[in-house]
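# Structure assessment
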Amino acid sequence: MAENEDPQTEPVEDAPEAPEQPESVEPEPFDPERAKAKISKANSEAANLRKRLRELEPLAAKAKELEDASKTEAERLNERATAAEKRAAETEMAAMRLEVALDKAPEGTPLVQLRKLAKRLSGATREELEADADELFADLAPAGPGKPPSRRPTERLKGGADPEQEPEPDPSDLAAAVLKRRRY
């Protein structure tokens, strides 16, 4: 070291290079004994934690009891009022969702389906709920004035072997045709 250099600082050399990453890291071979030891250690730790939890649960209940006992009557009433207001707000919102669903649903929508769809409506105001209901029920509306689809199949049936071949005539139709020819 030179005399004019501070003895506590050393001259800065080139920054050390980052250590080279090994090209391929081979996984350790599976050792069943080591795995069993790790599993048994984890199981014993979990058992100890469960034991401690069982010991501490009664203490937590006692602490809650003492906390409740130390509250004034006004604080207890205030908590009950807050809980009641929260339940009332949730009930009002559910009723509003159901009402909007009833108003916006297409004619003939079953009540069970209405209840399911009303749960899916989202929004904080009636206008938001109505906009969401319009969007939700747009797919359920009938496709315009017309007769509803029938569950009865069409009667234009073809032969089984060749779809282009006309089906054989009905025997009763053949008998009627023969009788008509005889009358003339």
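Keep in mind it's a predicted model, so treat the numbers as computed, not measured.

## Some remarks on the overall build of the protein
When helices and strands are counted, the protein shows five helices and zero strands. In the protein, the succession of α and β elements from N to C terminus is α-α-α-α-α. Within the span of the protein, comprising 184 residues, buried residues form 8% of the whole. Partitioning the contacts of the protein with sequence separation of at least 6, the portion at a separation of at least 24 is 39%. Carbon and sulfur atoms make up 54% of the accessible area of the protein, which amounts to about 17,400 Å² in all.

## Comments concerning helix α1 (residues 32-70)
In this model, α1 (39 residues) spans 56 Å end to end at C-alpha, consistent with the 57 Å of a helix rising 1.5 Å per residue. Taking the largest bend as the criterion, α1 deviates by roughly 30 degrees, centred on L56, and proline P58 comes between one and four positions later.

## Notes on the pattern of salt bridges
In this structure the tally under the stated criterion is four salt bridges. For E99, the salt bridge goes to R126, with nearest N and O atoms at 3.0 Å. Here the residue E99 occupies a position in helix α2 (residues 73-104), and R126 occupies one in helix α4 (residues 126-137), the gap between them amounting to 27 residues. Its relative accessible area of 25% is what places R126 among the partly exposed residues. Measuring nitrogen to oxygen at the nearest pair gives 3.4 Å for the salt bridge that ties D134 to K104. Linking D134 in helix α4 with K104 in helix α2, this pair joins segments that are 30 residues apart in sequence. Three or more residues joined by partner-sharing salt bridges are found here, namely E99, D103, R126 and E130.

## Focus: helix α3 (residues 111-120)
For α3, the set of buried residues is L114, L117 and A118. In a view along the axis of α3, the buried residues occupy a sector of 105 degrees, so they form one face of it. Facing away from the buried side of α3 by over 90 degrees, the exposed positions are V112, R115, K116, K119 and R120. At its buried positions, α3 is contacted by α2 and α4.

## Examining the packing of α2 against α4
Running from amino to carboxyl end, α2 crosses α4 at an angle of 45 degrees, the nearest separation of the two axes being 9 Å. Between α2 and α4, the angle falls in the class oblique. Of the two elements, α2 crosses α4, and the hand of that crossing is right-handed. Of the residues in α4, those in contact with M93, M96, R97, E99, V100, A101, D103 and K104 of α2 are R126, L129, E130, A133, D134 and F137. Partitioning the contact of α2 with α4 into residue classes produces seven nonpolar, no polar and seven charged.

## Here's the deal with the nonpolar core
By size, the foremost hydrophobic cluster in this structure holds 11 residues: M93, V100, A101, A105, L114, L117, A118, L121, L129, A133 and F137. Filtering out sequence-adjacent residues up to four positions away, A105 remains in contact with L114 and F137.

What counts, and where the lines are drawn
- Residues numbered from 1 in each chain as written.
- Predicted model: local features only at pLDDT ≥ 70, side-chain atom pairs only at ≥ 80, totals over all residues.
- Heavy atoms only, no water.
- Helix = DSSP H or I, 4+ residues; strand = E, 2+ residues; numbered from the N terminus.
- Buried < 20%, exposed > 50% of the residue type's maximum accessible area, 1.4 Å probe, protein only.
- Contact = heavy atoms within 4.5 Å.
- Areas by Shrake-Rupley, 256 points an atom, 1.4 Å probe, with all protein chains shown as cover.
- Expected span 1.5 Å × (residues − 1).
- Bend = angle between axes of the 7 residues up to and from the residue.
- Salt bridge = Lys/Arg side-chain N within 4 Å of Asp/Glu carboxyl O.
- Arc of directions from axis to C-beta.
- Axes fitted to C-alpha atoms, helices over the stretch in contact; angles between N-to-C directions.
- Parallel < 35°, antiparallel > 145°, perpendicular 65-115°, else oblique.
- Left-handed = near helix turned anticlockwise from the far one by under 90°.
- Nonpolar A, V, L, I, M, F, W, Y, C, P; charged D, E, K, R; others polar.
- Core = buried A, V, L, I, M, F, W, Y, C linked by side-chain atoms within 4.5 Å.

What is shown is where atoms sit, not what they do.
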